[in-house]
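# Commentary on secondary and tertiary structure
For reference, the chains in residue letters:
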Amino acid sequence: MTLKGFTLASYFSLRFVGAIAGLFLLAAILIFIFDFLELVRRSGDEEGFSVLRVAFISLLRVPQLMEEVLPFAVLFGSIAAFLTLSRSLELVVTRAAGVSVWQFVAPGLFVGLAIGMLAITIYNPLAVYSRTLSDEIAAGLFSREQSFLLQTTEDVWLRQNGDDGESILHARQLLDQGERLFGVMILTFNRDGSFLERIEAEEALLDAASWQLKDATVYTTNSDPQKFDRYSVSTYLSPQEIRSSIGAPEAIAFWDLPRIVELSERAGLPAYRYSLQYQVLLSRPLLLAAMVLIAASVSLRVSRMGGIGRLIVGGIVAGFVLYVLSELAKDFGGAGLVPPVVAAWAPGVLGILMGSTILLHQEDG
């Protein structure tokens, strides 16, 4: 590459980075505002409520929420960059200088791939840590309303066995991949299947072979309720089995996923969800590059033929269709119906083929 070519590529790359970063920041601000207002509405009457604390909780939640928005930020940012370059006639001058469409789309592809690499290696671990810290702070503030307030998980139901017999566990919210639970209710049964007691506790922590309950109240059929600062319920479940049953793959950082997959497979547990999450993150750069190609197929046609509204709507529809296909593939992959590699990489490959085909048709007929 000549010095002039490198300078032009650097200039275009900076325009892409600026447009994508601007849209990403705007989306983050909007998400923070809506999330903050929702948390205030739902927790305003709770004891210990503080606007600053809720704002901090919401701020820590935003990075992980933005992971789902990133592909659209790249799509719309790329459309904005291409349209800006077209309207300022910079693309016209570039074409007149003999630069092909692939040469000025290449900087956008490079930016998409680079953002994807940074998103999985740096941003994702930081977002997971931020969300974990947010849950920790919220657990101390709103221990009784975790699932309702934060919506980090749905209610959890779990059937287990232990030295004392079988039991059914219900929890409103979980942390540490299911090894720490809040809003716990446990129904215990003896070896004959007869009901023994109902236990309600603020918090449960998984120990070597038991759940250690904090601030527990025990109800039985033949005595008054009794309160205990600490109470123990036996279980044969291991941490790996807990993660496989109720843990969220999104709550594990990119660098930790291979270890979790290996541990689950060694324990003879299904690891579809964790394998899928790992492959989805690995395929993120390809998906973002596909978004850039889709943006180019929309925007470059606009510069010559007009009809901005209709063509941009077409690009938006294409992006959302790709997103829906990604979600469907994830559902099939998470259920083990499709290999995780196929489910994760298919949307990105489809997007690349679709964008390249449209560009080839527009430029070369």
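Every value quoted in this text rests on a predicted model; they were computed, and no experiment measured them.

## Examining the overall build of the protein chain
When you go through the protein chain residue by residue, the secondary structure sums to 12 helices and 7 strands. Pairs at least 24 apart in sequence give 63% of the contacts found in the protein chain among residues at least 6 apart. Of the accessible surface of the protein chain, which amounts to about 18,300 Å², a share of 63% is contributed by carbon and sulfur atoms.

## As for empty space enclosed by the protein
Any empty space left between atoms is shown by rolling a water-sized probe over those atoms. Applying the stated criterion across every chain yields a total of 1 cavity of 30 Å³ or more. Forming the boundary of the largest cavity are 17 residues, of which Val 280, Arg 284, Leu 287, Ser 326 and Lys 330 lie nearest the centre. Split by residue class, the lining of the largest cavity holds 9 nonpolar, 3 polar and 5 charged.

## Brief notes about the pattern of salt bridges
Any two side chains of opposite charge can pair, given that their charged atoms come close. Per the stated rule, a full pass over the model turns up 6 salt bridges. The shortest N-O distance in the salt bridge between Glu 166 and Arg 159 comes to 2.7 Å. With a relative accessible area of 33%, Glu 166 lands in the partly exposed category. A relative accessible area of 57% places Arg 159 in the exposed class. Note that Glu 200 is salt-bridged to Arg 198, the shortest N-O span being 2.2 Å. Residue class for Glu 200 comes out partly exposed when judged on its relative accessible area of 30%.

## Some details on the packing of aromatic side chains
Evaluated as defined, the whole model comprises 9 aromatic pairs. Aromatic side chains Tyr 11 and Phe 12 sit 6.0 Å apart centroid to centroid with 45° between the ring planes, which places their arrangement in the tilted category. According to the relative accessible area criterion, Tyr 11 is partly exposed, its value standing at 34%. In this structure Phe 12 comes out as buried when scored by relative accessible area, which is 1%. Seen in terms of ring centroids, Phe 16 and Phe 82 are 5.0 Å apart; in terms of plane orientation they differ by 80°. Their pairing is edge-to-face. Separated by 66 residues along the polypeptide, Phe 16 in helix α1 (residues 3-43) and Phe 82 in helix α3 (residues 70-87) bring together distant segments of the chain. Each member of the pair, Phe 16 as well as Phe 82, is classed as buried. Positioned above the aromatic ring of Tyr 219, the side-chain terminus of Arg 198 is 4.4 Å from the ring centre.

## Regarding a nonpolar patch on the surface
Nonpolar side chains collect at one region of the surface, where Val 313, Val 317, Val 321, Val 324, Leu 325, Leu 328, Phe 332, Leu 337 and Leu 350 lie side by side and expose about 780 Å² of accessible area between them. With respect to the helices and strands, the residue Leu 350 is situated in helix α12 (residues 340-364). Using a relative accessible area of 40% as the deciding quantity, one classes Leu 350 as partly exposed.

## Examining unusual backbone geometry
Here the phi dihedral of Asp 215 falls at roughly 55°; this positive angle occurs in a residue that is not glycine. In this structure, Asp 215 sits in strand β6 (residues 210-219). Under the relative-accessibility criterion, Asp 215 is labelled partly exposed at 42%.

## Topic: the pairing of strand β5 (residues 195-206)
In the sheet, strand β4 (residues 180-189) pairs with β5 via 9 bridges, with the strands oriented antiparallel. The residue bridging Leu 187 from the neighbouring strand is Arg 198, located in β5. Adjacent in sequence and paired antiparallel, β4 and β5 are bridged by 5 residues, among which Gly 193 carries a positive phi angle near 90°. Pairing between β5 and β6: 8 bridges, direction antiparallel. Along β6, the bridge assignment pairs Arg 198 with Tyr 219.

## Things to note about the confidence of the model for the protein chain
Of the residues in the protein chain, 84% reach a pLDDT of 70 or more, and the chain-wide mean stands at 81. Mean pLDDT values for the elements of the protein chain range from 38 in helix α6 (residues 146-150) up to 91 in β6. Confidence drops under a pLDDT of 50 for residues 143-153, and excluding neighbours within four residues, the segment shows 36 contacts in the predicted structure.

## Remarks on the pairing of strand β1 (residues 156-162)
Alternating residues of β1 divide into Val 156, Leu 158, Gln 160 and Gly 162, all buried, and Trp 157, Arg 159 and Asn 161, none buried. Here β1 pairs with strand β2 (residues 165-171) via 7 bridges, running antiparallel. Note that in β2 the partner of Gly 162 across the bridge is Gly 165. Count of turn residues in the β1/β2 antiparallel hairpin: 2 residues.

## Some thoughts on the side chain of Asn 124
Looking at the secondary structure, you find Asn 124 in helix α5 (residues 101-141). Within polar-contact distance, the side chain of Asn 124 engages the side chain of Glu 67 at 2.9 Å. Not counting residues within four places of it along the chain, the set of residues in contact with Asn 124 comprises Glu 67, Ala 119, Ile 252, Ala 253, Phe 254 and Leu 281.

Parameters and conventions
- Residues numbered from 1 in each chain as written.
- Predicted model: local features only at pLDDT ≥ 70, side-chain atom pairs only at ≥ 80, totals over all residues.
- Heavy atoms only, no water.
- Helix = DSSP H or I, 4+ residues; strand = E, 2+ residues; numbered from the N terminus.
- Contact = heavy atoms within 4.5 Å.
- Areas by Shrake-Rupley, 256 points an atom, 1.4 Å probe, with all protein chains shown as cover.
- 1 Å grid on protein atoms, 1.4 Å probe; cavity = no way out; pocket = protein on both sides within 12 Å on 5 of 7 lines; lining within 4 Å.
- Points joined across faces, edges and corners; volume = space filled by probe spheres on them.
- Nonpolar A, V, L, I, M, F, W, Y, C, P; charged D, E, K, R; others polar.
- Salt bridge = Lys/Arg side-chain N within 4 Å of Asp/Glu carboxyl O.
- Buried < 20%, exposed > 50% of the residue type's maximum accessible area, 1.4 Å probe, protein only.
- Phe/Tyr/Trp six-rings, centres within 6.5 Å; stacked < 30°, edge-to-face > 60°.
- Lys NZ or Arg CZ within 6 Å of the ring centre and 35° of its normal.
- Patch = residues over 30% accessible without salt bridge, like charges linked within 9 Å, V, L, I, M, F, W, Y side chains within 5 Å.
- Pairing = 2+ DSSP bridges.
- pLDDT = per-residue confidence, 0-100.
- Polar contact = N/O pair within 3.5 Å; in protein donor to acceptor, adjacent residues only side chain to side chain.

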